Amino acid sequence: PVYTNYGLTETTSFATCTPLKMSLSALGSVGVPLFINDVKIVNPENITCKVNEEGEIFIKGANLFKHYINKQEITDAKFIDDWFKTGDLGYFNEHGFLFIVDRIDNMILVGGENVYPADIENHISCLEDDAEAIVTSIPHAILGNEIVLVYRLMEGKSTSVNKWLQALSKFVVKFKLPTKFVNVNELNLTEIPKAPNGKI
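Draft legend 1. Inspection of the side chain of Thr11 at higher detail. As for its placement among the helices and strands, Thr11 is situated in the loop between strand S1 (5-6) and strand S2 (16-17). In this structure Thr11 comes out as buried when scored by relative accessible area, which is 0%. The contact partners of Thr11, leaving out residues within four places of it in the chain, are Ile59, Asn63 and Leu64.

Draft legend 2. How the structure looks around the side chain of Asn63. Within the fold, Asn63 resides in the loop between strand S5 (55-61) and helix H1 (72-78). At a separation of 2.8 Å, a polar atom in the side chain of Asn63 contacts the main-chain carbonyl oxygen of Phe14. Apart from residues lying up to four places away in sequence, Asn63 is in contact with Glu10, Thr11, Thr12, Phe14, Ile36 and Asn37.

Draft legend 3. Main features of the pattern of salt bridges. Taken as a whole and assessed by the stated rule, the structure comprises seven salt bridges. Of the charged contacts in the structure, one is a salt bridge between Glu191 and Lys194, with a shortest N-O distance of 3.6 Å.

Draft legend 4. Examining the packing of aromatic side chains more closely. By the definition in use, this model includes seven aromatic pairs. Taken together, a centroid distance of 4.7 Å and an interplanar angle of 55° make the contact between Phe65 and Tyr68 tilted. Measuring from ring centre to ring centre gives 5.6 Å for Phe65 and Phe79, while their planes differ by 35°; the resulting arrangement is tilted. You can see Phe65 sitting in the loop between S5 and H1 and its partner Phe79 sitting in strand S6 (residues 79-80), a full 14 residues away along the chain. Every member of this aromatic cluster is reached through a ring pair, and the members are Phe65, Tyr68, Phe79 and Phe84. Sitting over the ring of Trp83, Lys40 keeps its end group 4.4 Å from the ring centre.

What counts and what doesn't
- Residues numbered from 1 in each chain as written.
- Predicted model: local features only at pLDDT ≥ 70, side-chain atom pairs only at ≥ 80, totals over all residues.
- Heavy atoms only, no water.
- Helix = DSSP H or I, 4+ residues; strand = E, 2+ residues; numbered from the N terminus.
- Buried < 20%, exposed > 50% of the residue type's maximum accessible area, 1.4 Å probe, protein only.
- Contact = heavy atoms within 4.5 Å.
- Polar contact = N/O pair within 3.5 Å; in protein donor to acceptor, adjacent residues only side chain to side chain.
- Salt bridge = Lys/Arg side-chain N within 4 Å of Asp/Glu carboxyl O.
- Phe/Tyr/Trp six-rings, centres within 6.5 Å; stacked < 30°, edge-to-face > 60°.
- Lys NZ or Arg CZ within 6 Å of the ring centre and 35° of its normal.

No statement about biological role is implied by the geometric values presented.
Take a look at the structure:
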């Protein structure tokens, strides 16, 4: 069995985990809070969100770190009444399962609309001949930002941007669709840069 979990370095890696007996209502979630954790979703006005309402994930529990070393100001900014502000956007469904949307600071403002890269990246696996891809943005004179999909193709493959747009449009609303597609080769790279842990 593979269990999905969620946490941060600040929570000693874990804060939630999928239960041993999964239900259909948990599919796509990161499970429920561990017995040592309280988790809540909070909106920008610092009010606890309702079921299925997106907001910042706050965590409290015995596994929380105490402070960032020599960074008291940052530590203070990350806590409200012993609740740690994760910087992650998520929601609880009606069965108490936590779902992650994206990092709050990943948000891209496009023509007044909020776009999270994960909205698009979650569907990249449906693109033909794509090896890996990441969504980012560049400034746009009218919209503020333009959505860009940077990709690396499988060896010996070519692609059709129109095919990719058709595939993505089945899952992604029009204003979230990338308007620019960039092969990593155009950036003089052979692959998309990754952190030491393998994450893009």
